[in-house]
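Summary of the model geometry
Next come the chains, spelled out residue by residue.
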Amino acid sequence: MTTTDTATARIRTFHPRRGRMSDRQRDALTRLWPAYGLQIAALDGPCDPTTLFGRRAPLVLEIGSGMGDATAAMAAADRDRHYLAVEVHTPGIANLLELVERHGLDNVRVAEGDALDLVRAMPQGCLDAVHVYFPDPWPKTRHHKRRIIAPAHVALLRSRLAPGGTLHCATDWAEYAESMRATLTADPELVDVHGGFAPRPPHRPVTKFERRALTAGREVFDLIHRRR
């Protein structure tokens, strides 16, 4: 474990979530988890993406995939890349697994647990992209240390990006957006692709969460940085 990895090892950036599942979701979880699921807490050693997917391809890490609709849509439109979605909300995991089956997505795997623990177990330079869409903004000042887009966490994520790989963040929390921008800009190994907030990229689907934010009058901010 490197110094960067150690520095990020003890701060939880998420609320553990269970939630109620429908019979449909429960069935999907039971049937499909053995084939498509990864329990992060059960990892005993490095996580090899090629072994996980059974073939080699560029890999996108989705941190906080929610109900999985956006992940499934992106993976369906981007079959030449693998998508590894990380979530802690059990109904969301089950829903994504059902979407994987429904659309025949052999390029998706779903991991449950702490995304940063997973990243620590992955080889450096193995990721083509990292997506962090609408993470918990942890609005109270005393909780800002739990934000996933913080200097030590960004350094860890960047270390797993291949040269030219992208870190794409989105939030509807204006104060967090400015904090994200400052943090990403300060990393010397990242280049701001758009010189500030990015125009909404067409590959990022609009989720129900985002629609609610827009309906409530909150602006959505995208930031896209590339590893040198």
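Not measured: the values here are computed from a predicted model.

As a further point, take the overall build of the protein chain. The helix and strand inventory of the protein chain stands at 9 helices and 8 strands. Against the compact-globule benchmark of 17 Å for 228 residues, the protein chain has a radius of gyration of 17 Å, which places it among compact chains. Along the first, second and third principal axes, the C-alpha set of the protein chain runs to 45 × 40 × 35 Å. Across the 228 residues that make up the protein chain, the buried fraction comes to 50%. Accessible surface for the protein chain amounts to roughly 11000 Å². Of this, 52% is attributable to carbon and sulfur atoms. Computing the positive centroid from 32 side-chain charges and the negative centroid from 27, the protein chain places the two 3 Å apart.

Our next topic: the nonpolar core. Soluble globular proteins: nonpolar side chains tend toward being buried together. With 32 residues, the main nonpolar core has Leu61, Leu118, Val130, Ile149 and Leu167 as its most contacted residues. Taken together, the elements giving at least two residues each to this core come down to β2 (59–63), β3 (82–87), α6 (115–121), β5 (127–133), α7 (151–160), β6 (161–171) and α8 (174–186). Counting residues per element, this core draws most heavily on α6, which supplies 5 residues. Residues within four places of leucine 167 in sequence aside, it is in contact with Val130, Val132, Val154, Leu157, Leu161, Leu184, Leu190, Leu223, Ile224 and His225. Counting 24 residues, the second-largest nonpolar core is a separate cluster that includes Ala85, Leu99, Leu105 and Tyr133.

Next up on the list: the state of the cysteines. Tallied over the full model, the rule gives 0 disulfides. Looking at the unpaired cysteine 126, the closest cysteine sulfur is the one in cysteine 47, lying at 8.0 Å.

Turning to unusual backbone geometry, a few remarks are in order. If you check the backbone angles, phenylalanine 134 has positive phi at about 55 degrees while not being a glycine. Looking at the element boundaries, phenylalanine 134 is found in the loop between β5 and α7.

So, about helix α4 (residues 69–76). Along α4, the residues classified as buried are Ala70, Thr71, Ala72, Met74 and Ala75. Contacts made by the buried residues of α4 are with β2, β3, α5 (90–103), β4 (108–112) and β5.

Time to look at the pairing of strand β8 (residues 221–227). The buried fraction of β8 is high, at 6 of 7 residues. Here 6 bridges tie β6 to β8, and the two strands are oriented antiparallel to one another. In the sheet register, cysteine 169 faces β8, and the bridge partner there is leucine 223.

Attention now goes to the packing of helix α2 (residues 23–36) against α5. One way to put it is that α2 packs onto α5 with a least axis distance of 8 Å and a crossing angle of 70 degrees. The angle between the axes of α2 and α5 places the two elements in the roughly perpendicular class. Contacts between α2 and α5 involve Arg24, Gln25, Ala28, Leu29, Arg31, Leu32, Trp33 and Tyr36 from the former and Thr90, Pro91, Ile93, Ala94, Asn95, Leu97, Glu98, Val100 and Glu101 from the latter. Across the contact of α2 with α5, the residue classes break down as 10 nonpolar, 3 polar and 4 charged.

Before going further, it helps to examine the packing of α4 against α5. Where α4 meets α5, the closest approach of the two axes is 9 Å, and the angle between their N-to-C directions is 25 degrees. What the angle tells us is that α4 and α5 run roughly parallel. The hand of the α4/α5 crossing is right-handed. For the pair formed by α4 and α5, the contact residues are Asp69, Thr71 and Ala72 on the first element and Asn95, Leu96 and Leu99 on the second. Among the residues forming the contact of α4 with α5, the class breakdown is 3 nonpolar, 2 polar and 1 charged.

Before going further, it helps to spend a moment on the environment of arginine 102. Note that arginine 102 resides in helix α5. In this structure, the C-alpha to C-alpha distance between arginine 102 and alanine 72, residues 30 residues apart in sequence, is 10.0 Å.

Definitions and limits used
- Residues numbered from 1 in each chain as written.
- Predicted model: local features only at pLDDT ≥ 70, side-chain atom pairs only at ≥ 80, totals over all residues.
- Heavy atoms only, no water.
- Helix = DSSP H or I, 4+ residues; strand = E, 2+ residues; numbered from the N terminus.
- Rg over C-alpha atoms; globule rule 2.2 N^0.38 Å.
- Buried < 20%, exposed > 50% of the residue type's maximum accessible area, 1.4 Å probe, protein only.
- Areas by Shrake-Rupley, 256 points an atom, 1.4 Å probe, with all protein chains shown as cover.
- Lys, Arg positive; Asp, Glu negative; His and termini not counted.
- Charge placed at Lys NZ, Arg CZ, Asp CG, Glu CD.
- Core = buried A, V, L, I, M, F, W, Y, C linked by side-chain atoms within 4.5 Å.
- Contact = heavy atoms within 4.5 Å.
- Disulfide = S-S within 2.5 Å.
- Pairing = 2+ DSSP bridges.
- Axes fitted to C-alpha atoms, helices over the stretch in contact; angles between N-to-C directions.
- Parallel < 35°, antiparallel > 145°, perpendicular 65-115°, else oblique.
- Nonpolar A, V, L, I, M, F, W, Y, C, P; charged D, E, K, R; others polar.
- Left-handed = near helix turned anticlockwise from the far one by under 90°.

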